[in-house]
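Here is how the chains run, residue by residue.
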Amino acid sequence: MAELYVVRHGRVPSNDSGIIVGRNNEELTSIGIKQAESVRDKLKTIKFSAIYSSNVRRAIQTANIINTQGLEIITDSRLAEREPGLSLGKTRKEINKSEWNSLTLDQTSEGAETLKTGLIRTKSILDEIHNLYKEKKVLIVTHNFICKCIWMLENNITNEEEINSFFQENDEIRKYIKK
């Protein structure tokens, strides 16, 4: 199995406002650039076999900053942010969290992607990475939603309270090693 290093993209303007923007083309703020540089400095001694990134601009920017080895960054839409449906433009407090974190619904009443469908697409790319990069180190740069899905899948998390409390900071690195 691959050794995974999962990083959430650097800070963007919508992180400051708390507005749901989905897969828009926001660019990193100056803080977001510094966060990506900090992650780069923490990971610079690790020899990655591959770098995967969401196909959303903020994740690609972050991956490019972290990439000190000059590896080709593999972008994949399965690592993209949640499709927000009609929740686009709302604050996180305005959404129905139980629907968003549903493991039974395919989409929320507002057409947003649920945790169930996010887990399905995340599992497909994780299975691929684990098969292609056995015993190797892989960096994944993505969004909080996919970070949550990876965390759940790699740790077999099913407890609702744990799931609802998950949050990965913009410059946080999580490492997963399956045995």
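The coordinates are above.
Quick notes on the rules
- Residues numbered from 1 in each chain as written.
- Predicted model: local features only at pLDDT ≥ 70, side-chain atom pairs only at ≥ 80, totals over all residues.
- Heavy atoms only, no water.
- Core = buried A, V, L, I, M, F, W, Y, C linked by side-chain atoms within 4.5 Å.
- Buried < 20%, exposed > 50% of the residue type's maximum accessible area, 1.4 Å probe, protein only.
- Helix = DSSP H or I, 4+ residues; strand = E, 2+ residues; numbered from the N terminus.
- Contact = heavy atoms within 4.5 Å.
- Axes fitted to C-alpha atoms, helices over the stretch in contact; angles between N-to-C directions.
- Parallel < 35°, antiparallel > 145°, perpendicular 65-115°, else oblique.
- Left-handed = near helix turned anticlockwise from the far one by under 90°.
- Nonpolar A, V, L, I, M, F, W, Y, C, P; charged D, E, K, R; others polar.
- Pairing = 2+ DSSP bridges.

**Topic: the nonpolar core**
Ranked by size, the top nonpolar core spans 25 residues in total, and within it Leu-4, Tyr-52, Ile-129, Val-138 and Ile-140 carry the most contacts. Looking at this core, the elements with two or more residues in it are strand S1 (3-8), strand S2 (50-54), helix H5 (115-132), strand S4 (137-142) and helix H6 (144-155). If one sorts the elements of this core by residue count, H6 sits on top with seven residues. Beyond its immediate sequence surroundings of up to four residues, Leu-4 is in contact with Leu-126, Ile-129, His-130, Val-138, Ile-140, Glu-154, Arg-174, Lys-175 and Tyr-176. Counting residues in each nonpolar core, the second largest holds 13 residues, with Leu-43, Ile-46, Ile-51 and Ile-73 among its members.

**A closer look at the environment of Ser-14**
Along the chain, the position of Ser-14 falls in helix H1 (residues 13-17). When its relative accessible area of 7% is taken as the criterion, Ser-14 is described as buried. Considered as a pair, Ser-14 and Thr-29 are 15 residues apart in the sequence and their alpha carbons are 10.0 Å apart. Excluding residues within four positions of it along the chain, Ser-14 makes contact with Ile-19, Val-21 and Glu-26.

**Topic: unusual backbone geometry**
Look at Glu-135: it is not a glycine, yet its phi comes out positive at around 60°. Within the fold, Glu-135 resides in the loop between H5 and S4. What makes Glu-135 exposed here is its relative accessible area of 71%. Its identity is not glycine, yet Asn-156 carries a phi of approximately 50°, on the positive side. Examined against the element boundaries, Asn-156 turns out to sit in the loop between H6 and helix H7 (160-165).

**Some words on the packing of H5 against H6**
Between H5 and H6, the shortest axis-to-axis distance is 9 Å and the interhelical angle comes to 65°. Classified by the angle between their axes, H5 and H6 sit roughly perpendicular to one another. Where H5 crosses over H6, the two elements pack in a sense that is right-handed. Only Phe-145, Ile-146, Lys-148, Cys-149, Ile-150, Met-152, Leu-153 and Glu-154 of H6 make contact with H5, whose side of the interface consists of Leu-115, Gly-118, Leu-119, Arg-121, Thr-122, Lys-123, Leu-126 and His-130. Grouping the amino acids of the contact of H5 with H6 by side-chain chemistry returns nine nonpolar, three polar and four charged.

**Focus on the sheet that holds S4**
The sheet built from five strands is open, its strands ordered S3-S2-S4-S1-S5 with mixed pairing. Looking at strand neighbours, the two that pair on one side only are strand S3 (73-76) and strand S5 (173-177), the edges of this open sheet. On average, adjacent strands in this sheet sit at an angle of 25° to one another, irrespective of strand direction. Sheet topology note: the S2/S3 ladder contains four bridges and is parallel.

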